[in-house]
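Structural overview for review
The residues making up each chain are set out below.
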Amino acid sequence: MAAVPNDTKILEYQMFIAGEWVDAEDGAVSEVVDPSTDTTIARVPKATVGDAERAVRAAREAFDHGPWPRLNAVERGALLRAAADRIRERADELARLESMQMGKLYSEAIVDMGDTAHTFDYYAGLVQDSGGETLNVPGETMSMVVREPVGVTVGITPWNYPMLMAAWKAAPSLAAGNVMILKPASVSPLTNLELAKIFEEVGLPEGVFQVITGSGGEIGDYLAGHADVDMVAFTGSVEVGKHIMRKGADNVKKVGLELGGKSPNIVFADADFEAAIDGALVGIFAGTGEVCSAGSRLIVERAIYDRFVGELVSRAMAIKVGPALDEDSEMGPLVSQQQLDTVEKYVRIGREEGAKLATGGRRLEGRGFYYEPTIFVDVDNKMRVAQEEIFGPVLVVIPFDDEKQAVEIANDTIYGLAGAVWTKDVTKAMRVVKALRAGITWVNTYHPTYSEAPWGGYKQSGIGRELGTYGLDEYTEVKQINIDLTDAPMGVYQRGKEKNVAGSRRVVPLSDRRPFREGENKADESWVQFCENCKPGM
Ligand code: NAD
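Residues numbered from 1 in each chain as written. Predicted model: local features only at pLDDT ≥ 70, side-chain atom pairs only at ≥ 80, totals over all residues. Heavy atoms only, no water.

With that settled, consider the sheet that holds strand S4 (residues 29–34). In sheet architecture, strand pairing relies on hydrogen bonds along the backbone and comes in two forms, parallel and antiparallel. Read across the open sheet, the three strands follow the order S1-S5-S4; overall the sheet is mixed. Looking at which strands have only one partner, the edges of the open sheet turn out to be strand S1 (11–12) and S4. Two strands pair when backbone bridges link them, and S1 and strand S5 (residues 39–45) are joined in this way by two bridges, in the parallel orientation. Within S5, the position partnered with Leu-11 by the bridge is Ala-42. (Pairing = 2+ DSSP bridges. Helix = DSSP H or I, 4+ residues; strand = E, 2+ residues; numbered from the N terminus.)

Listed below in structure tokens is the structure:
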């Protein structure tokens, strides 16, 4: 297990544009702060629009003329696998850096590094297995479908899973033959810069993977609206997601959106009590609640409500909050002062709305952005604390009387990212899961997910899916290829001949066909065969 670092040296980073490590063109930098200690740990370039433009030019060149899209899937897969191996070799160091830059517990960050490596391995393999299809079409035509890369893709990512979110985008994008410019969240770019080093080491061609560090409002915005960018894959808040969609509309670029959530975690009275308590705690307090799919609305059947809430509150009070790299910590700090302010604001709102604070509700004294595990009980689903994403360790608990009401409460939200149900009754579990308007669901567990399974939301939680075969498809264009097998001219504009009927081959019914006759010349074969009874103008 990693120890808490004690050296205070500030790391100096450059960003990776056009195959070079560079500063911002005007030399501006921004600081990365360790939320566990509220101290600066690194400085990174604060890119200008000019830097972003250079990255787009390099990406365009790499896609339009470079080797990457022209390599075969086996060759691209080999490089992605080499990167995955390197991530595994450096997992401990990368996990520590992840913890330091955004406050995630080391025990969680090290799992992320394994998942990140696996995502690259998975897409390296999947792309080798993926092909097109041939279609059964009428006439002497062979019709097939092939998938091709979209082109220059931009990944814009949040701070809660910096490496994993980068992998969910870069792995399918690069595997499919695209190039990618990654714009990480300003507060947590360090591991993504390390990822660029890994890709450079394993020999990815220039301009294929670039990391640009800077403000979302300026650099992210510029890239999202750029006419030479073919696709933006965005993970973040609903508000910024809507903005990206509007910007993308200017050149009708492909947009993938993975947005927020306010996910229901439904506990029936017949659930395994201990497992459900554990699942409720993991659902909200893992990752300090800064998880898009967090089970932030706990919906509990009234028959066990008091006992469940009592046990839940006492277990939450026992959670040890502390530095991300301290191995005794069970929950780390929030990512930033800004996020701490947001959580404090919502707890104030909850109190004003009349929600009953059962535990927590305070920031912890001292340096770092720590907040107590917080639970509001007897909450009405109409309250703002039940409707708006807080993105912190704040749980609202809502009672229900029957299955129908549980589903109504669960679906009464603008979001549709995730949801879970706890019960020993398998048919009830399936009924409820089917009724949930959400893209990711669990029965008798919370949070586990896999590179092989599609990730994404219904309603305002997003558009499209990451991961699985669905995630690869998002990064491809679909092309149909139709090949005439007759060698005959179409003959549409050959005046004076009866066969000059546009589209005639398509409309002649099978019953009108007859075998070739001796003496018919080859150029006429297709006509004779398919359109014997056609009349001009048909
Ligand atoms: P955010 O929307 O503030 O920022 C996300 C990214 O967008 C950052 O890189 C930011 O710099 C950039 N950005 C900000 N303004 C921009 C603009 N005008 N144009 C272009 N880019 C801009 O989100 P956040 O605070 O970093 O992350 C938290 C949010 O992310 C939560 O809502 C959470 O639910 C969501 N999230 C969703 C998923 C998912 O898979 N659905 C996963 C993780 C996080």
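Back to the text.
Looking now at the side chain of Asp-34. Locating Asp-34 in the fold gives a position in strand S4. Although Asp-34 lies buried, it forms no salt bridge, and the closest oppositely charged side chain, Arg-367, sits 9.7 Å away as judged by the N-O distance. What Asp-34 contacts, discounting residues up to four positions off in sequence, is Thr-39, Ile-41 and Met-100. (Buried < 20%, exposed > 50% of the residue type's maximum accessible area, 1.4 Å probe, protein only. Lys, Arg positive; Asp, Glu negative; His and termini not counted. Salt bridge = Lys/Arg side-chain N within 4 Å of Asp/Glu carboxyl O. Contact = heavy atoms within 4.5 Å.)

Here we have seven strands laid out as an open sheet, ordered S15-S16-S17-S14-S13-S19-S20, and mixed in their pairing. What marks the edges here is a single partner per strand, and that holds for strand S15 (356–359) and strand S20 (440–443). Each strand axis lies, on average, 20 degrees off the axis of its neighbour in the sheet, ignoring direction. As paired strands, strand S13 (residues 264–267) and strand S19 (residues 418–422) are joined by three bridges and run parallel to one another. Note that in S19 the partner of Asn-265 across the bridge is Ala-420. (Axes fitted to C-alpha atoms, helices over the stretch in contact; angles between N-to-C directions.)

Positionally, Ala-453 belongs in the loop between S20 and strand S21 (458–459). Excluding anything up to four places from it in sequence, Ala-453 contacts Glu-466, Leu-467 and Gly-468.

This brings us to the site of the ligand. Around the ligand, a shell composed of 28 residues is seen, among which Thr-157, Lys-183, Ser-237, Leu-259 and Glu-389 lie nearest. In this structure, Gly-236 approaches the ligand through a main-chain N or O atom, which is 3.4 Å from an oxygen atom. Isolated, the ligand exposes 850 Å² of accessible area, and the fraction of that covered by the protein chains is 88%. The cavity where the ligand resides is the largest pocket. (Near = heavy atom within 4 Å. Polar contact = N/O pair within 3.5 Å; in protein donor to acceptor, adjacent residues only side chain to side chain. Areas by Shrake-Rupley, 256 points an atom, 1.4 Å probe, with all protein chains shown as cover. 1 Å grid on protein atoms, 1.4 Å probe; cavity = no way out; pocket = protein on both sides within 12 Å on 5 of 7 lines; lining within 4 Å. Sits in = over half its atoms within 2 Å of the grid points.)

Here the protein chain averages 92 in pLDDT, while 90% of its residues score no lower than 70. Segment residues 521–538 is flagged for pLDDT under 50; beyond a separation of four residues in sequence, or across chains, it makes 42 contacts in the model. (pLDDT = per-residue confidence, 0-100.)

Let us now look at the pairing of strand S11 (residues 231–235). Counting buried positions over the five residues of S11 gives five, a clear majority of the element. Burial of the side chains of S11 extends over both faces: Met-231, Ala-233 and Thr-235 are buried on one face and Val-232 and Phe-234 on the other. Sheet analysis places strand S8 (residues 152–156) next to S11, joined by four bridges and oriented parallel. Opposite Ile-156, over in S11, you have Phe-234 as the bridge partner. Across five bridges, S11 lies against strand S12 (residues 254–258) in parallel orientation. Directly across from Val-232, in S12, lies its bridge partner Val-255. Taking the sense of rotation as the criterion, the β-α-β connection linking S11, helix H8 (residues 238–249) and S12 turns out right-handed. (Right-handed = clockwise from strand over helix to strand, strands pointing away.)

Before going further, it helps to examine a nonpolar patch on the surface. A cluster of nonpolar side chains, namely Met-142, Ile-483 and Leu-485, defines an oily patch on the protein surface of about 250 Å² accessible area. Positionally, Ile-483 belongs in strand S23 (residues 476–484). The partly exposed category is assigned to Ile-483, whose relative accessible area is 35%. (Patch = residues over 30% accessible without salt bridge, like charges linked within 9 Å, V, L, I, M, F, W, Y side chains within 5 Å.)

The tally for this structure, following the rule as stated, stands at nine aromatic pairs. Centroid distance Phe-120 to Phe-199: 5.5 Å. Interplanar angle 80 degrees. Geometry classified as edge-to-face. Of this pair, Phe-120 sits in helix H4 (residues 106–129) while Phe-199 sits in helix H6 (residues 190–202), placing them 79 residues apart in sequence. Their ring planes at 70 degrees and their centres at 4.9 Å tell us that Tyr-122 and Tyr-123 sit as a pair that is edge-to-face. (Phe/Tyr/Trp six-rings, centres within 6.5 Å; stacked < 30°, edge-to-face > 60°.)

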